[in-house]
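One-letter residues, chain by chain:
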Amino acid sequence: MNLIEKLNTKTATIGVLGLGYVGIPLALTASRAGLQVIGFDVVQDRVDQLNDGESPIKHIADNDILSMKDSGFEATTDFSKAAKCDALIICVPTPLNEYREPDLSFVVATMDMIAPYLRKGQLLSLESTTWPGTTKEVLLPYVEKAGLEVGKDFFLVYSPEREDPGNSNFETQTIPKVAGGHTPACLKAAEALYGIFIDRVVAVSSTEAAEMV
């Protein structure tokens, strides 16, 4: 079964890398839609808290975390479990540095940790706020080094995070989601993934266009 089929039948496993104010709502929304979700973080206390059914975010209730756990969610610091995931979504911080540029050290560290576990049939999506060109210039070399052909046996995507914490009128599911693929096949895979748990996916021409958004 290929990736699109797994997504359409909700048999795909989603990995969310970075369990903060973007990653947790995303994991929760995907879990509610019926997808199996694994959450990854380097902070053991955060992982333990989530596995105990406690929310580290004020506007998400403990009951939401417990419900996600009951649906099979697990949080882990073991990045080798990325190999189990059909889609990997990076939601780590990119704080501005002293030159007012996004600090990509968390993105690079995440790629270093998952690089040995990238495999055929996976989708990799970056959501962290960054400059146009990041997906192609920073993420693509990892995929090519793994011997994977983007658009054929691996799918590379950029989809900017969209969160409005505490807004009762909008949540992750109802905020339109922009997505751009490295190739047309990558975009098709992105639409299949995000279309499961986001009400409106807005397709754009490339990863650079999505990054510019």
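Since this is a predicted model, take the numbers as computed values, not measurements.

Q: Would you take a moment to explain the packing of aromatic side chains for this structure?
A: What characterises a pair of aromatic rings is the spacing of the ring centres plus the angle enclosed by the ring planes. Throughout the structure, instances matching the rule amount to two aromatic pairs. Measuring from centroid to centroid gives 5.4 Å for Phe-40 and Phe-79, while their planes differ by 40 degrees, and the two rings are tilted. Residue Phe-40 is found in strand S2 (residues 36-40), and its partner Phe-79 is found in the loop between strand S3 (74-76) and strand S4 (87-90); the two are separated by 39 residues along the sequence. Both residues of the pair, Phe-40 and Phe-79, belong to the buried class.

Q: Hey, could you run me through the sheet that holds S4 in this one?
A: Strand pairing in a sheet relies on backbone hydrogen bonds, with the paired strands running either antiparallel or parallel. Within the open sheet, the eight strands sit side by side as S3-S2-S1-S4-S5-S6-S7-S8. Their pairing is mixed. Each edge of the open sheet is held by one strand with a lone partner, namely S3 and strand S8 (201-203). Within this sheet the neighbouring strands show an average axis-to-axis angle of 25 degrees, counted without direction. As paired strands, strand S7 (residues 177-181) and S8 are joined by three bridges and run parallel to one another. Bridge pairing in S8 links Lys-177 to Val-201. The sheet contacts of helix H6 (residues 134-145) involve S4, strand S5 (122-126) and strand S6 (154-158), and relative to S6 the element is tilted by about 155 degrees. On the sheet, helix H7 (residues 184-197) packs against strand S1 (13-17), S4, S5, S6, S7 and S8 and is oriented at approximately 70 degrees with respect to S6.

Q: Is there a simple way to explain the environment of Glu-161 in this structure?
A: Relative to the helices and strands, Glu-161 is located in the loop between S6 and S7. A residue is classified by how much of its surface remains accessible, and Glu-161, at 17% relative accessible area, is buried. Sequence spacing of Glu-161 and Ile-89 is 72 residues, and the spatial spacing of their C-alpha atoms is 10 Å. Residues within four places of Glu-161 in sequence aside, it is in contact with Tyr-21, Val-22, Glu-127, Ser-128, Thr-129 and Lys-177. A polar contact is formed between the side chain of Glu-161 and the side chain of Tyr-21, at a distance of 3.1 Å.

Q: Help me understand the nonpolar core, please; the structure alone is not making it clear to me.
A: Here is a general trend for soluble globular proteins: nonpolar side chains tend to be buried in one another's company. One finds Ile-14, Ile-114, Leu-124, Leu-139, Leu-193 and Phe-197 to be the most contacted residues of the largest nonpolar core, which totals 68 residues. Counting residues per element, this core draws most heavily on H7, at eight residues. When residues no more than four places from it in sequence are discounted, the contact partners of Leu-193 are Leu-7, Ile-14, Ala-87, Ile-89 and Leu-123.

Q: So what exactly am I meant to see when it comes to the environment of Asp-64 here?
A: Here Asp-64 is to be found in helix H4 (residues 62-70). Note: C-alpha distance between Asp-64 and Glu-54 (ten residues apart in sequence) is 8.9 Å. Not counting chain neighbours up to four residues away, the residues in contact with Asp-64 comprise Leu-28 and Arg-32. Within polar-contact distance, the side chain of Asp-64 engages the side chain of Arg-32 at 3.1 Å.

Q: I would appreciate a short explanation of the packing of helix H2 (residues 23-32) against H4 in the present structure.
A: What describes two packed helices is the angle between their axes and the distance between those same axes. One way to put it is that H2 packs onto H4 with a least axis distance of 10 Å and a crossing angle of 50 degrees. Classified by the angle between their axes, H2 and H4 sit oblique to one another. For the pair H2 and H4, the sense of crossing is left-handed. On the side of H2, the interface is formed by Ile-24, Ala-27, Leu-28, Ser-31 and Arg-32, while H4 contributes Asp-64, Ile-65 and Met-68. Residue classes in the contact of H2 with H4 are distributed as five nonpolar, one polar and two charged.

Q: Whenever I open this one, the pattern of salt bridges confuses me. Can you help?
A: Think of it this way: side chains of opposite charge can pair up when their charged atoms draw near. Taken as a whole, this structure holds six salt bridges when the rule is applied. The partner of Arg-32 in a salt bridge is Asp-64, with the nearest N and O atoms 3.1 Å apart. A residue pair is termed long-range when its members are at least 10 positions apart, and Arg-32 in helix H2 and Asp-64 in helix H4 qualify at 32 residues. For Arg-32, a relative accessible area of 54% corresponds to the exposed category. Lys-136 is the partner of Glu-208 in a salt bridge, and the nearest nitrogen-oxygen pair spans 3.1 Å.

Q: What exactly am I supposed to notice about the pairing of S4 here?
A: Side-chain direction in a regular strand flips from residue to residue, so the side chains alternate between the two faces of the sheet. In S4, alternate side chains face the same way, and those of Ala-87 and Ile-89 on one face and Leu-88 and Ile-90 on the other are all buried. The pairing of S1 with S4 spans four bridges and is parallel. Of the residues in S4, the one forming a bridge with Leu-17 is Ile-90. Note: S4 against S5, four bridges, orientation parallel. Counterpart to Ile-90 in the pairing with S5 is Leu-126.

Parameters and conventions
- Residues numbered from 1 in each chain as written.
- Predicted model: local features only at pLDDT ≥ 70, side-chain atom pairs only at ≥ 80, totals over all residues.
- Heavy atoms only, no water.
- Phe/Tyr/Trp six-rings, centres within 6.5 Å; stacked < 30°, edge-to-face > 60°.
- Helix = DSSP H or I, 4+ residues; strand = E, 2+ residues; numbered from the N terminus.
- Buried < 20%, exposed > 50% of the residue type's maximum accessible area, 1.4 Å probe, protein only.
- Pairing = 2+ DSSP bridges.
- Axes fitted to C-alpha atoms, helices over the stretch in contact; angles between N-to-C directions.
- Contact = heavy atoms within 4.5 Å.
- Polar contact = N/O pair within 3.5 Å; in protein donor to acceptor, adjacent residues only side chain to side chain.
- Core = buried A, V, L, I, M, F, W, Y, C linked by side-chain atoms within 4.5 Å.
- Parallel < 35°, antiparallel > 145°, perpendicular 65-115°, else oblique.
- Left-handed = near helix turned anticlockwise from the far one by under 90°.
- Nonpolar A, V, L, I, M, F, W, Y, C, P; charged D, E, K, R; others polar.
- Salt bridge = Lys/Arg side-chain N within 4 Å of Asp/Glu carboxyl O.

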